[in-house]
Amino acid sequence: MNPEQHNNLDTLPDVVMPECPQRNLLRGQKALVTGANSGIGRSVALYLAKEGADVVVNYVFDDASAKEVVDEIKRKGGHAIAIKADVSNETEVQSMFASMLEEFGTIDILVNNAGLQSDAAFDEMTLEQWNKVINVNLTGQFLCAREAIREFKRRGVISEISCAAGKIISISSVHEVIPWGGHVNYAASKGGVMLMNKSLAQEVAPYRIRVNSVCPGAIRTPINRTAWETPEAYDDLMKLIPYNRIGEPVDIGRAVVWLASDDSDYINGISLFVDGGMTLYPGFAEGG
Ligand code: BGC
């Protein structure tokens, strides 16, 4: 391959993700991924399973898509079950955790992924839209994290399994720091997630519990379809992404595996931006 070709911005090749070798980094660990029946959550569930974790595929709508993720994990020799629960409902979250503990015995990894958008101009936003987004994106992460922390503290470290008593990886967003007009409820929920996680990380670190966030930029999923599905929209999106490609769900799956594994054992309370440079103020590449 001629390296000069790649210096021409118009002829950058399409991204081809090399398959990572399977390392069994999470062998013997039990993971719960919320909102795991589509998009980022689905990829995270598949990657955790690939590294040897047993996975609970949480979902709230569409039984068939959750079953499809479970079946795919099983086809590849993994172990997974689907559990339906609305993460913003305390009773449903508690019974999901009870079912998981009954089935898997414990939890080592929680991936707080379930999230949604309900966009509107601020003066047109209903209280229902505000509450829905805060309830799922922020309160939902609180409710799941609380149940996980209770079990991590009860069980403590089992060194054959992991250096840590438990790991929470929260799927936040670049919008925990980038303001986003027209999406104020969403940005507020992710800003809340940021300080919830950093404060929680500080509180539970002495128990050897790690709490970190992954902050995706624009990832090709149904939540932001309008931002990438036409060539015009894609070109516009690229103005915000110095790395000049959209993110793929696997970009997030791999980052989550690393934060869940002992390879990142000394890392606690971070926000890991997986965004192709979206948080680098791309407008300043030529302006300012
Ligand atoms: C949002 C997407 C958006 C991305 C970058 C994500 O958190 O859910 O809709 O494309 O941030 O702006």
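Structure first, text after, so check above.
A brief structural summary.

Conventions we followed
Residues numbered from 1 in each chain as written. Predicted model: local features only at pLDDT ≥ 70, side-chain atom pairs only at ≥ 80, totals over all residues. Heavy atoms only, no water. Axes fitted to C-alpha atoms, helices over the stretch in contact; angles between N-to-C directions. Helix = DSSP H or I, 4+ residues; strand = E, 2+ residues; numbered from the N terminus. Parallel < 35°, antiparallel > 145°, perpendicular 65-115°, else oblique. Left-handed = near helix turned anticlockwise from the far one by under 90°. Contact = heavy atoms within 4.5 Å. Nonpolar A, V, L, I, M, F, W, Y, C, P; charged D, E, K, R; others polar. Buried < 20%, exposed > 50% of the residue type's maximum accessible area, 1.4 Å probe, protein only. Lys, Arg positive; Asp, Glu negative; His and termini not counted. Salt bridge = Lys/Arg side-chain N within 4 Å of Asp/Glu carboxyl O. Polar contact = N/O pair within 3.5 Å; in protein donor to acceptor, adjacent residues only side chain to side chain. Phe/Tyr/Trp six-rings, centres within 6.5 Å; stacked < 30°, edge-to-face > 60°. Near = heavy atom within 4 Å. Areas by Shrake-Rupley, 256 points an atom, 1.4 Å probe, with all protein chains shown as cover. Pairing = 2+ DSSP bridges. Right-handed = clockwise from strand over helix to strand, strands pointing away.

### A look at the packing of helix H4 (residues 127-155) against helix H5 (residues 184-204)
Running from amino to carboxyl end, H4 crosses H5 at an angle of 15 degrees, the nearest separation of the two axes being 8 Å. Compared by their axis directions, H4 and H5 come out roughly parallel. With respect to the hand of their crossing, H4 and H5 are arranged in right-handed fashion. Where H4 abuts H5, its residues Gln-129, Trp-130, Val-133, Ile-134, Asn-137, Leu-138, Gln-141, Phe-142, Ala-145 and Ile-149 lie against Val-184, Asn-185, Tyr-186, Ala-188, Ser-189, Lys-190, Gly-192, Val-193, Met-196, Asn-197, Leu-200 and Val-204. Here the contact of H4 with H5 is built from residues that sort into 14 nonpolar, seven polar and one charged.

### Quick word on the side chain of Glu-176
Here Glu-176 is to be found in the loop between strand S5 (166-171) and H5. Buried within the structure, Glu-176 lacks any salt-bridge partner; its nearest side chain of opposite charge belongs to Lys-198, at an N-O separation of 5.0 Å. A polar atom in the side chain of Glu-176 sits 2.7 Å from the side chain of Ser-172. Separated by 2.6 Å, the side chains of Glu-176 and Ser-271 make a polar contact. Ignoring anything within four residues of it in the chain, the contact list for Glu-176 reads Lys-190, Gly-191, Met-194, Ser-213, Cys-215, Ser-271 and Phe-273.

### Focus: the environment of Val-111
Mapped onto the elements of the fold, Val-111 is located in strand S4 (residues 109-112). A relative accessible area of 0% means that Val-111 is categorised as buried. When residues no more than four places from it in sequence are discounted, the contact partners of Val-111 are Leu-32, Val-33, Thr-34, Val-44, Leu-48, Ile-169, Ile-171 and Val-256.

### Digging into the packing of aromatic side chains
Here the distance between the centres and the angle between the planes together describe a pair of aromatic rings. Counted according to the given criterion, the structure contains two aromatic pairs. Judged by centre distance (5.7 Å) and plane angle (70 degrees), the rings of Trp-180 and Tyr-186 are edge-to-face. Look at Tyr-186 and you get buried, because its relative accessible area is 9%. Centroid distance Tyr-281 to Phe-284: 6.2 Å. Interplanar angle 85 degrees. Geometry classified as edge-to-face.

### A look at the packing of helix H1 (residues 39-50) against helix H2 (residues 63-75)
Between H1 and H2, the shortest axis-to-axis distance is 10 Å and the interhelical angle comes to 20 degrees. Viewed along their axes, H1 and H2 adopt a mutual orientation that is roughly parallel. Where H1 crosses over H2, the two elements pack in a sense that is right-handed. Counting all contacts with H1, which are made through Arg-42, Ala-45, Leu-46 and Ala-49, the residues of H2 involved are Glu-68, Val-69, Glu-72 and Ile-73. In terms of residue class, the contact of H1 with H2 is made up of five nonpolar, no polar and three charged.

### Observations concerning the site of the ligand
In the vicinity of the ligand, the residues found are Gln-117, Ser-173, His-175, Trp-180, Tyr-186, Gly-217, Ala-218, Ile-223, Asn-224 and Met-278. The contact in question runs from an oxygen atom of the ligand to an N or O atom on the side chain of Ser-173, over 2.7 Å. At 3.3 Å from an oxygen atom of the ligand is found a side-chain nitrogen or oxygen belonging to Asn-224. Computed on the free molecule, the ligand has an accessible area of 310 Å², of which 88% lies beneath the protein chains in the complex. Taken together, the residues of the shell around the ligand sort by class into five nonpolar, five polar and no charged.

### Side note on the pattern of salt bridges
Two side chains with opposite charge may pair up if their charged atoms get near one another. By the definition in use, this model includes 16 salt bridges. A salt bridge links Arg-23 to Asp-263; the nearest nitrogen and oxygen atoms lie 3.2 Å apart. Here the residue Arg-23 occupies a position in the segment before strand S1 (30-33), and Asp-263 occupies one in the loop between helix H7 (249-260) and strand S7 (271-274), the gap between them amounting to 240 residues. By relative accessible area, Asp-263 is classed as partly exposed at 44%. A salt bridge links Asp-265 to Arg-210; the shortest N-O distance between them is 3.8 Å. Taken together, the residues Asp-265 in the loop between H7 and S7 and Arg-210 in strand S6 (residues 209-216) connect sequence positions 55 residues apart. The partly exposed category is assigned to Asp-265, whose relative accessible area is 28%. One network of salt bridges, in which partners are shared, links Arg-42, Glu-68, Glu-72 and Lys-76.

### Observations regarding the pairing of S1
What you see with S1 is no split at all: Lys-30 and Leu-32 on one side and Ala-31 and Val-33 on the other are buried throughout. Bridge count between S1 and strand S2 (residues 54-59): four bridges; the pairing is parallel. Of the residues in S2, the one forming a bridge with Val-33 is Val-57. Handedness of the crossover joining S1 and S2 through H1 is recorded here as right-handed. Across three bridges, the pairing between S1 and S4 is parallel. Paired with Leu-32 across the bridge in S4 is Leu-110.

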